[in-house]
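# An overview of the molecular structure
For reference, the chains in residue letters:
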Amino acid sequence: MKIIKKLSAVMMSLAILLSFAGCHKQGEIAVTVGDWEFTSAYYMCALMNADGEARTKVDEALAEESDGEEETESEDEEETDYYSEKIDDKNFVDWVKDTAIENLEKIAAYKTLCEENELEISEEDLSQVESYADYYWNSYGYSTFYEPNGVGYETYKQYMTDSYYSGLYFEHLYGEGGEKEIAAETVKEKMVENFITANVLEASFTDLEEADITTTKETFNGYVEALKNGTRTFEEIYKEHNGTTDEETTSEDTEDAPKDKYASVLGADDTTYESDYFDDAKDMAVGEVKLVELDDEAGLVIIVKQDITADEYYLKNLDLSVRHLIADDEYDELIKKEAEKLGTEINKYAVNQFKVKKIEYPETTA
């Protein structure tokens, strides 16, 4: 009887090992879109990214719902049950699975369109992808998320590389000389509408005693008066406030650098430079100085608005971001139509081994 029990235990362990190995069969094709084949590991990478996107959407929706409501300590500590939530009227798990497939279809469409137009990722961009992938994997801790879920570094790097094809074809289509080129004047107008440059000086009241807060307020009011009167420059005030020297702030002038090294870009909502101070600065006149008091006595901010059009650096470096603001919706529809033309085949045996609810997340400590 003991022998039978031992044999049963061994067989059960072997079955578990075989089922796990089956989930990660080397080179197994999970999804095929047109001529592009995606392995099981690549599909899992897409599934994990879709899961992360879904969780962000849920967090943002819940934050909007609770906006203005007073939270209790127990509510703060309560974990979100993501799987009970819906996104776009679809249950969480189905949204994640559908989005993972949709993202693979988009990647196939990007790569197909780039191939048809003889577009290749530059060596410089490939090198940059590798640097980013290595940094996020080894220094930012992505390995502790992906590896336990069966995704290795090479698959993760390939997924990152493939994402570059989207920008490559977008620029080919909507950039200068492209079939759907956006006029330079339109780009400039959209930039002015969504981006502001300003000198920004911040002071946080977190962990400060009441006396220190009072002193900081007096100091910042003095800065504002000096800036308005023209008795001090922003650079002088910045160095004083941050305790920096000329040696620490001086950098070599290059052609690809802003005229004012202390300038910050403030972007509207849903832009690459989204800023909490955009609305405060939007209606200011160029050169105007404003002192902003943050909500809940969180701190102070000095804003000195600049003219973003006075420096060609921003028109050049924000060009693609602005073109995306203008054309992204149209581009997304175009890519969806291209993906539909390719056709999608799903290896259900391979895909169904991966469960959204079994995606492992690294444990975090408070």
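The preceding data block contains the structure.
Attention here is on the structure that accompanies the text.

The rules we used
Residues numbered from 1 in each chain as written. Predicted model: local features only at pLDDT ≥ 70, side-chain atom pairs only at ≥ 80, totals over all residues. Heavy atoms only, no water. Phe/Tyr/Trp six-rings, centres within 6.5 Å; stacked < 30°, edge-to-face > 60°. Helix = DSSP H or I, 4+ residues; strand = E, 2+ residues; numbered from the N terminus. Buried < 20%, exposed > 50% of the residue type's maximum accessible area, 1.4 Å probe, protein only. 1 Å grid on protein atoms, 1.4 Å probe; cavity = no way out; pocket = protein on both sides within 12 Å on 5 of 7 lines; lining within 4 Å. Points joined across faces, edges and corners; volume = space filled by probe spheres on them. Nonpolar A, V, L, I, M, F, W, Y, C, P; charged D, E, K, R; others polar. Core = buried A, V, L, I, M, F, W, Y, C linked by side-chain atoms within 4.5 Å. Contact = heavy atoms within 4.5 Å. Axes fitted to C-alpha atoms, helices over the stretch in contact; angles between N-to-C directions. Parallel < 35°, antiparallel > 145°, perpendicular 65-115°, else oblique. Left-handed = near helix turned anticlockwise from the far one by under 90°. Patch = residues over 30% accessible without salt bridge, like charges linked within 9 Å, V, L, I, M, F, W, Y side chains within 5 Å. Areas by Shrake-Rupley, 256 points an atom, 1.4 Å probe, with all protein chains shown as cover. Salt bridge = Lys/Arg side-chain N within 4 Å of Asp/Glu carboxyl O. Lys, Arg positive; Asp, Glu negative; His and termini not counted. Charge placed at Lys NZ, Arg CZ, Asp CG, Glu CD. Pairing = 2+ DSSP bridges.

### Quick notes on the packing of aromatic side chains
- Taken as a whole, this structure holds 29 aromatic pairs when the rule is applied.
- Considering the side-chain rings of F234 and Y262, the 6.5 Å spacing of their centres and the 65° angle between planes classify their relative orientation as edge-to-face. Of this pair, F234 sits in helix α10 (residues 234–242) while Y262 is found in the loop between α11 (246–249) and β6 (263–267), placing the two residues 28 residues apart along the sequence. Residues F234 and Y262 agree in their burial class; the two are buried.
- Aromatic rings pair up to connect Y135, Y136, W137, Y140, Y142, F145, Y146, Y153, Y156 and Y361 into one cluster.

### Description of empty space enclosed by the protein
- Applying the stated criterion across every chain, the model contains one cavity of 30 Å³ or more.
- Within this model, the largest cavity holds a volume of roughly 40 Å³.
- Counting only elements with at least two residues in the lining of the largest cavity, the list comes to α8 (184–194) and α13 (312–317).
- For the lining of the largest cavity, the residue count by class is three nonpolar, one polar and three charged.

### Observations concerning the nonpolar core
- Judged by nonpolar contacts, the single largest core of 39 residues is most densely connected at V31, F38, Y43, L47, F92, V96 and Y146.
- It is helix α2 (residues 40–65) that provides the largest number of residues to this core, a total of ten residues.
- Excluding its chain neighbours within four sequence positions, the residues that come into contact with L47 are V96, K97, A100, F354, V356 and I359.
- Ranked by size, the runner-up nonpolar core spans 26 residues in total, among them Y110, L173, V265 and A339.

### Some remarks on unusual backbone geometry
- Unlike most non-glycine residues, D89 shows phi in positive territory, near 60°.
- Looking at the secondary structure, you find D89 in the loop between β3 (86–87) and β4 (90–91).
- Of note, D270 is a non-glycine position whose phi angle comes to about 65°, a positive value.
- By the element assignment, D270 lies in the loop between β6 and α12 (278–282).

### Notes on the packing of helix α4 (residues 92–116) against helix α7 (residues 153–174)
- Running from N to C, α4 and α7 point in directions that differ by 60°, and their axes come no closer than 9 Å. Of the possible angle classes, the one that applies to α4 and α7 is oblique. In this structure, α4 meets α7 at a crossing whose hand is left-handed. For the pair α4 and α7, contact is made by N103, I107, Y110, K111, L113 and C114 and by Q158, Y159, D162, Y165, S166, L168 and Y169, respectively.
- Counted by class, the contact of α4 with α7 contains eight nonpolar, three polar and two charged residues.

### Quick look at a negative patch on the surface
- On the surface, D59, E60, E64, E65, D269, D270, E274, D276, D279 and D283 cluster together to form a negatively charged patch.
- For the negative patch, the leading source of residues is α2, giving four residues.
- Judged by its relative accessible area of 56%, D269 is exposed.

### Digging into the sheet that holds strand β7 (residues 289–293)
- Strand order in the open sheet made by the four strands is β6-β5-β8-β7, with antiparallel pairing throughout. Both outer strands of the open sheet, β6 and β7, are each paired with one neighbouring strand and no more. Within the sheet, the average angular offset between the axes of one strand and its neighbour, ignoring direction, is 40°.
- As paired elements, strand β5 (residues 195–204) and β6 share five bridges and run antiparallel to each other. Within β6, the residue paired with T197 across the bridge is V265.
- Where α8 meets the sheet, its contacts fall on β5 and β6, and the angle it forms with β5 comes to roughly 20°.
- The sheet contacts of helix α9 (residues 210–229) involve β5, β7 and β8 (299–305), and relative to β8 the element is tilted by about 10°.

### Let's talk about the environment of V322
- On the secondary structure map, V322 appears in helix α14 (residues 319–342).
- Overall, V322 belongs to the buried group, its relative accessible area being 0%.
- Residues V322 and T186, spaced 136 residues apart in sequence, show a C-alpha to C-alpha distance of 9.5 Å.

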